[in-house]
Structures are given as structure tokens and as C-alpha cells.
Amino acid sequence: MTVVTRFAPSPTGFLHIGGARTALFNWLFARHHGGQFLLRIEDTDRARSTEDAVEAIYDGLKWLGLDWDGDAVSQFTRVDRHREAVETLLASGKAYRCYCTPEELSEMRESAKADGRPWRYDGIWRDRDPSEAPVGINPVIRIKAPQDGETIIRDKVQGTVRVANDTLDDMVLLRSDGTPTYMLAVVVDDHDMGVTHVIRGDDHLTNAFRQYQLYVALDWDVPEFAHIPLIHGPDGAKMSKRHGALGVDAYRDQGYLPAAMRNYLLRLGWAHGDEEIISTEQAIEWFDLDNVGRAASRFDFAKLSNLNGHYLRSGDNEMLVAEITPMLEERRHEALSEGEKSMLVRAMSGLKERAKNVLELAESAYFYIARRPLVFTDKARSQLDNEAIVHLRTLVAAFGQMMTWEADVLEAHVRTYVDESDPPIKLGKVAQPLRAALSGTTVSPPIFDVMVILGQQETLARINDAISAANS
RNA sequence: GCCCCCAUCGUCUAGUGGCCUAGGACGCUGGCCUCUCACGCCGGAAACAGGGGUUCGAGUCCCCUUGGGGGCGCCA
């Protein structure tokens with residue numbers, strides 16, 4: 001049997017982090033088994049669904065690298081099929097019309113609450129004769145659920161979960177306006193789409209019981225269920241709009257790499273021994289439901305950040321330059337030339353191991369393509385004191401004479417210079433002023449590497465700029 | 001309130017009855033490296049929620065308590 005999983009978000013907002021992980025697990029499970037990963041947009045709630053949200057979901061999944069098979073299914077377009085399923089239920093006596101109005105229902109709810117009784121629809125229309133139906137009221141269709149015994153779910157993550165049927169009531173399948181409810185639509189769609197494994201957040205665990213009953217009533221095979229624990233905010237509270245539940249686009253904007261997000265999300269609730277850095281290929285090979293934990297986990301930015309640093313350091317130079325180019329151009333208000341881009345590619349290995357996100361990478365790379373004269377930070381300017389300028393004057397003269405412009409040659413020359421100064425000075429006494437002159441800051445990759453990447457001409461010009469600035 | 005789920009360092013987790021004087025990672029921290037900042041390397045502090053069982057033996061199995069979470073809509 002081919003494995004078919006699905007991700008079924010409702011387009012009422014961005015693709016948030018919890019949804020992203022659910023999608024990832026579904027995707028990994030399908031890819032691991034060589035099966036299919038389908039996408040279904042649960043847009044039956046017309047009032048709350050928007051086109052923008054649908055686009056945001058597509059964008060988020062694409063950015064994460066989670067490709068789905070076939071076209072996304074719009075649940076809304078399948079209402080006829082949903083109604084059809086209810087017709088068969090009505091015909092076989094497994095569903096019935098209920099004429100209670102929403103008002104009556106909420107009254108029943110209120111009084112149950114007042115008496116301290118657990119609320120549950122009492123099924124008064126369950127066995128009533130249709131002739132008693134009041135006129136002028138459009139009924140809802142409810143399932144005729146079993147009233148005794150128990151419903152058992154053998155969840156791939158949560159294990160065997162059981163509930164007494166008398167704690168469940170007859171849920172609504174079709175609203176009085178004829179539209180299907182979520183419970184109906186999920187079951188019909190999952191069945192029609194051939195979904196074999198329903199992997200979703202455990203906030204749906206109790207829904208699974210009712211859905212199970214629906215599958216049975218429809219005489220359909222019940223898929224495997226796997227309810228994965230939710231992700232909580234850093235403070236342990238549920239992730240909500242105002243509680244750290246950002247859209248994946250926000251993570252992209254903060255400079256996180258998709259590979260890092262995948263790795264981080266994967267380790268939130270799933271483990272493979274002591275493995276921490278797990279490539280996507282490896283994840284596909286290893287992923288299984290047995291090793292999904294059952295406890296909710298907290299979102300930890302520090303760890304995500306650390307992982308991001310790892311993927312940045314091992315990231316492809318060209319790819320990274322492509323990532324930061326738009327940021328650099330925006331800041332400089334001027335496009336980068338091909339020469340500058342290739343310079344950045346050469347600079348990347350020195351830069352990427354110092355950044356923990358793409359934003360920082362762009363920030364630290366800017367000085368390479370900044371137009372002269374550089375703007376100095378306060379700390380950089382303080383490095384360029386009188387003593388430093390004396391050293392720079394001597395060095396710039398020597399640098400101008402150099403025939404080979406290589407890091408080790410430059411370093412050897414400067415080391416000799418500091419050693420032979422009288423009295424000998426520390427390398428830092430010269431390296432820091434050089435750094436300030438060349439980068440405008442006090443932090444950069446190794447300064448002799450910087451000189452080589454910048455090239456002799458630019459290096460000399462920047463040092464001379466610093467000397468002139470100090471004189472004025 | 002009722003129903004369901006969960007519970008190992010601050011955080012993510014390994015652990016499937018003896019290999020656990022509980023391992024790894026992030027974070028924190030001492031040191032090394034060093035032209036800055038990082039990276040890297042070496043070291044440290046840090047956990048089985050509590051109580052009962054079962055067993056020769058329990059972090060691992062059972063029960064209770066406590067604590068968290070989720071669900072109880074003509075939302076999804």
C-alpha cells in the first residue's frame with residue numbers, strides 16, 4: 001500500500017510554525033515511504049478564508065522546501081460530494097435531521113452548565129418521526145452515533161486512546177444552510193484523496209474519535225492516525241497570535257535559512273539517538289512516527305539560532321551572496337557589479353563563520369562593497385589615534401611597493417614590522433587600526449584576508465582615506 | 001465542570017527493567033587558541049515532579065496526587 005499523507009491548513013492567516021512542523025512531518029513520512037504528500041486547503045469557512053492566506057501557505061511551504069504532489073485541493077469546491085456522503089448516511093439511517101435551533105441549543109447548554117452537568121446534545125430528534133418536524137425551520141443533519149460501548153483509536157504516536165461513547169454526542173454533519181461541517185469534510189476528503197496516514201497536531205486527538213465513528217458509519221477504511229504534540233511558546237504557554245506564533249515568512253525575514261528551520265523543527269518532538277545536525281536527505285531516511293515524542297515542546301530561539309549558524313557556515317558561498325545581494329543593494333542604493341559579487345563570493349568563507357543569520361551576514365559584508373570614503377563607527381575612529389596613524393603611514397608606503405599581494409606575505413611583513421619596532425609592539429596595535437581603516441569597524445574577518453579580497457589598490461586608498469581623515 | 005493527552009538538566013532530547021555513579025545538544029560558565037569578532041578545542045555546574053506499589057532490581061511497568069496541555073460550536 002502506498003503511503004499518502006496530507007497537510008490541511010485553513011487559510012485564515014499565515015503558515016505558522018506549528019503548521020510548518022506538521023507539514024514537515026507529513027512530508028518526511030511520505031518521502032520516507034516513497035509515497036505522496038498532498039495539500040488541501042480547508043476553506044469551507046468562507047468568511048474567514050482569504051486568497052492572500054492561501055498564497056502565504058504556498059509561499060511558506062515552498063520556502064521550506066516542502067513540495068506537495070499534484071494540485072492543492074480546495075475543500076470548498078467539494079461541497080457537493082460532502083452532501084452526497086450525507087445522503088447515503090440519511091438513506092441508511094445513520095444520520096438524521098435535527099430541528100433544534102441554535103437558540104434552543106445554547107439554552108440547553110446554559111442550563112446544563114447551571115446544573116453542573118456536562119453539556120452534550122441530547123438527541124431529541126434522533127428517533128422522532130419526521131412528521132413532527134416544525135415548519136419553516138431548516139434542519140441540520142446529525143450523525144446517529146453509537147450511545148454505548150467505547151471508541152478506540154490506535155494512534156501511532158499517542159498509543160491506544162479510548163473514550164466512552166456516552167461522552168460523545170451526535171455531531172452536526174450538514175449545517176441548516178446545507179454546508180458541510182469540518183468533521184464531515186475532513187473525513188470525506190481524506191477518504192477520497194486516499195489518505196492513509198493522518199498526521200496532525202494533537203489538538204485534533206479528541207476529534208479523531210468522532211471522525212472514526214463517521215468512517216465506520218460510511219463503511220470506509222479508517223486511516224492511521226498520528227497526533228503529534230503541539231509547540232508552545234518560550235514561556236510554555238500555547239502559541240497564539242500574540243505569543244510568538246510567527247508566520248514562516250517572519251523567520252525568513254529574520255535571516256533564518258530553510259535548512260536550519262527544517263532541522264530545528266524536526267528535532268522538536270522527534271529524535272534519532274544523539275543526532276543533532278540532520279540533513280534533509282538523512283531525515284527522509286530516518287524519519288518515522290515511532291520516535292515522535294508525546295510531550296509538547298517549547299520553541300527555543302537560541303537553539304534555532306545556533307543551528308542557523310551551522311547551516312550558514314556550511315552554506316554555499318554563491319547561494320549566500322545571492323541571499324544578501326538585495327539587502328546590500330538596498331542599503332547602498334546602488335546595484336552590485338558582477339565584480340563585486342565575485343569579490344563577495346571570495347569573502348564569504350571569512351564572513352559566514354561569524355554570522356548567525358543572513359541579516360548579520362549582510363551587515364558584516366557591507367564594508368567590502370561600501371563606497372569610499374568609509375563611514376567609521378565611533379570605536380573604529382578611536383582606534384585611529386596619532387600613534388596608529390604613524391604606523392599606517394609607514395605601512396601604506398610599504399604596501400604600495402609590494403609586488404605580490406597575498407595574505408601570508410602581508411602578514412609576514414606586518415609581523416616583521418611590529419617585531420622590529422623599538423620597542424617591539426603587539427600585532428594588535430597595528431592590526432586594529434588597519435581593520436578600522438579598511439572596514440570602518442572594529443570587527444571583521446582576519447585583516448590580511450580582507451586586504452587580499454579588497455585588492456591592493458582599494459586597500460591603499462582606504463588606508464590613505466583614514467590618514468587624511470585623521471589629519472583634518 | 002466533563003472528557004482526552006502529557007511529565008528526564010533552564011530548553012530540545014537519549015533512555016523501551018540491569019550497559020545509568022542518567023548520555024548528547026543549545027544556553028550558561030572556567031580555560032585554550034588569537035590581529036578583532038566568531039569558529040574550534042578542553043573542562044564545569046545543571047534533571048528522572050511527589051507518593052505508593054510490582055520486581056532480586058525501576059528513569060523505564062501499574063495506581064494515586066500534583067502540575068502542564070488539548071477538546072467539549074450549525075470554527076477549522
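Not measured: the values here are computed from a predicted model.

(A) Quick look at the sheet that holds strand S1 (residues 4-7). Taken together, three strands build an open sheet; the order of strands is S1-S2-S3 and the sheet is parallel. Across the chains shown, the open sheet's two edge strands, defined by having one partner strand only, are S1 and strand S3 (73-74). Along the sheet, helix H1 (residues 17-32) makes contact with S1 and strand S2 (36-41), crossing S1 at roughly 165 degrees. Relative to S2, helix H2 (residues 51-64) is tilted by about 160 degrees, and along the sheet it contacts S1 and S2.

(B) Fine view of empty space enclosed by the protein. In the structure shown here, the tally under the stated rule is one cavity of 30 Å³ or more. If you trace the largest cavity, you find it lined by Leu24, Arg262, Asn263, Leu266, Ile278, Ser279, Thr280 and Ala283. Every element with two or more residues in the lining of the largest cavity is listed here: helix H8 (258-267) and helix H9 (280-286). Looking at the lining of the largest cavity, the element that brings in the most residues is H8, giving three residues.

(C) How the structure looks around the pattern of salt bridges. One pass over the structure, following the stated rule, counts 30 salt bridges. Asp69 is the partner of Arg31 in a salt bridge, and the nearest nitrogen-oxygen pair spans 3.2 Å. With a gap of 38 residues between them, Arg31 in helix H1 and Asp69 in the loop between H2 and S3 connect regions that are remote in the sequence. A salt bridge links Asp192 to Arg81; the shortest N-O distance between them is 2.6 Å. Taken as a pair, Asp192 in helix H5 (residues 182-192) and Arg81 in helix H3 (residues 79-91) lie far apart in primary sequence, 111 residues in all. You can call Asp192 partly exposed: its relative accessible area is 32%. Owing to a relative accessible area of 24%, Arg81 belongs among the partly exposed residues under this scheme. Bridged by salt links that share partners, the residues Arg6, Arg40, Glu42, Arg78, Arg81, Glu84, Asp189, Asp190 and Asp192 form one connected network.

(D) Fine view of the packing of helix H15 (residues 386-401) against helix H16 (residues 407-420). Two numbers describe how H15 lies on H16: the axes approach to 12 Å, and their chain directions differ by 140 degrees. Between H15 and H16, the angle is such that the two are oblique. Viewed along their axes, H15 and H16 form a crossing whose handedness is right-handed. On the side of H15, the interface is formed by His391, Thr394, Leu395, Ala398 and Phe399, while H16 contributes Leu410, His413, Val414 and Tyr417. Residue composition of the contact of H15 with H16, by class: six nonpolar, three polar and no charged.

(E) Region of the structure containing the layout of surface pockets. In this structure, the second largest pocket encloses a volume near 460 Å³. Lining of the second largest pocket is provided by 21 residues; of these, Glu363, Ser364, Phe367, Ser439 and Thr441 occupy positions nearest its centre. Per-element accounting of the lining of the second largest pocket gives the leading share, five residues, to helix H13 (residues 358-369). When the residues that make up the lining of the second largest pocket are grouped by side-chain class, the tally is 10 nonpolar, six polar and five charged.

(F) Focus on helix H11 (residues 317-332). Along its 16 residues, H11 runs 21 Å from first to last C-alpha, staying within 8% of the 22 Å computed at 1.5 Å per residue. The sharpest bend along H11 comes to roughly 35 degrees, located at Ile324, with the proline Pro326 sitting one to four residues further on. If you follow the buried residues of H11, they end up packed against helix H10 (301-313), helix H12 (338-352) and H13. Where H11 begins, one side-chain oxygen reaches toward the backbone nitrogen of Glu318, 3.2 Å away; that side chain belongs to Asp316. Where H11 terminates, the next one or two residues include His333, which has phi positive at roughly 60 degrees.

(G) Examining the sheet that holds strand S4 (residues 95-98) more closely. With respect to topology, three strands assemble into an open sheet ordered S4-S5-S8, the strand pairing being antiparallel. Across the chains shown, the open sheet's two edge strands, defined by having one partner strand only, are S4 and strand S8 (172-174). The sheet shows a mean angle of 45 degrees between the axes of neighbouring strands, direction not considered. Sheet analysis places S4 next to strand S5 (residues 140-143), joined by four bridges and oriented antiparallel. Within S5, the position partnered with Arg97 by the bridge is Ile141.

(H) Focus on the environment of Trp63. Examined against the element boundaries, Trp63 turns out to sit in helix H2. Along the sequence, Trp63 and Tyr212 sit 149 residues apart, while their C-alpha atoms lie 34 Å from each other. Residues contacting Trp63, with those up to four places away along its chain left out, are Val248, Tyr251, Arg252, Tyr256, Leu257, Pro258 and Met261.

(I) Quick peek at the packing of aromatic side chains. Here the structure, examined in full by the defined rule, presents 10 aromatic pairs. Plain terms: the ring middles of Trp270 and Phe287 are 5.6 Å apart, the flat faces sit at 35 degrees to each other, and that makes the pair tilted. Taken together, the residues Trp270 in the loop between H8 and H9 and Phe287 in the loop between H9 and strand S12 (297-298) connect sequence positions 17 residues apart. On the accessibility criterion, Phe287 (0% relative accessible area) is buried. Where Phe399 meets Trp405, the ring centres are 6.0 Å apart and the plane angle is 90 degrees; that geometry is what we call edge-to-face. Judged by its relative accessible area of 0%, Phe399 falls in the buried class. For Arg21, the ring lying beneath its charged end belongs to Phe25, and the centroid distance is 5.3 Å. Looking at Arg142, its charged tip hangs above the ring of Tyr121, at a distance of 3.6 Å from the centre.

(J) The arrangement of the packing of H8 against H10 in detail. It is at 8 Å that the axes of H8 and H10 come closest, and there the two elements cross at 135 degrees. Relative to H10, the element H8 is oriented oblique. Handedness of the H8/H10 crossing: right-handed. When H8 is examined against H10, the residues Ala259, Ala260, Met261, Asn263 and Tyr264 are found in contact with a partner set consisting of Lys303, Leu304, Leu307, Asn308 and Tyr311. For the contact of H8 with H10, the class distribution of residues is seven nonpolar, two polar and one charged.

Rules used throughout
Residues numbered from 1 in each chain as written. Chains lettered and ligands numbered in written order. Predicted model: local features only at pLDDT ≥ 70, side-chain atom pairs only at ≥ 80, totals over all residues. Heavy atoms only, no water. Pairing = 2+ DSSP bridges. Helix = DSSP H or I, 4+ residues; strand = E, 2+ residues; numbered from the N terminus. Contact = heavy atoms within 4.5 Å. Axes fitted to C-alpha atoms, helices over the stretch in contact; angles between N-to-C directions. 1 Å grid on protein atoms, 1.4 Å probe; cavity = no way out; pocket = protein on both sides within 12 Å on 5 of 7 lines; lining within 4 Å. Points joined across faces, edges and corners; volume = space filled by probe spheres on them. Salt bridge = Lys/Arg side-chain N within 4 Å of Asp/Glu carboxyl O. Buried < 20%, exposed > 50% of the residue type's maximum accessible area, 1.4 Å probe, protein only. Parallel < 35°, antiparallel > 145°, perpendicular 65-115°, else oblique. Left-handed = near helix turned anticlockwise from the far one by under 90°. Nonpolar A, V, L, I, M, F, W, Y, C, P; charged D, E, K, R; others polar. Expected span 1.5 Å × (residues − 1). Bend = angle between axes of the 7 residues up to and from the residue. Polar contact = N/O pair within 3.5 Å; in protein donor to acceptor, adjacent residues only side chain to side chain. Phe/Tyr/Trp six-rings, centres within 6.5 Å; stacked < 30°, edge-to-face > 60°. Lys NZ or Arg CZ within 6 Å of the ring centre and 35° of its normal.

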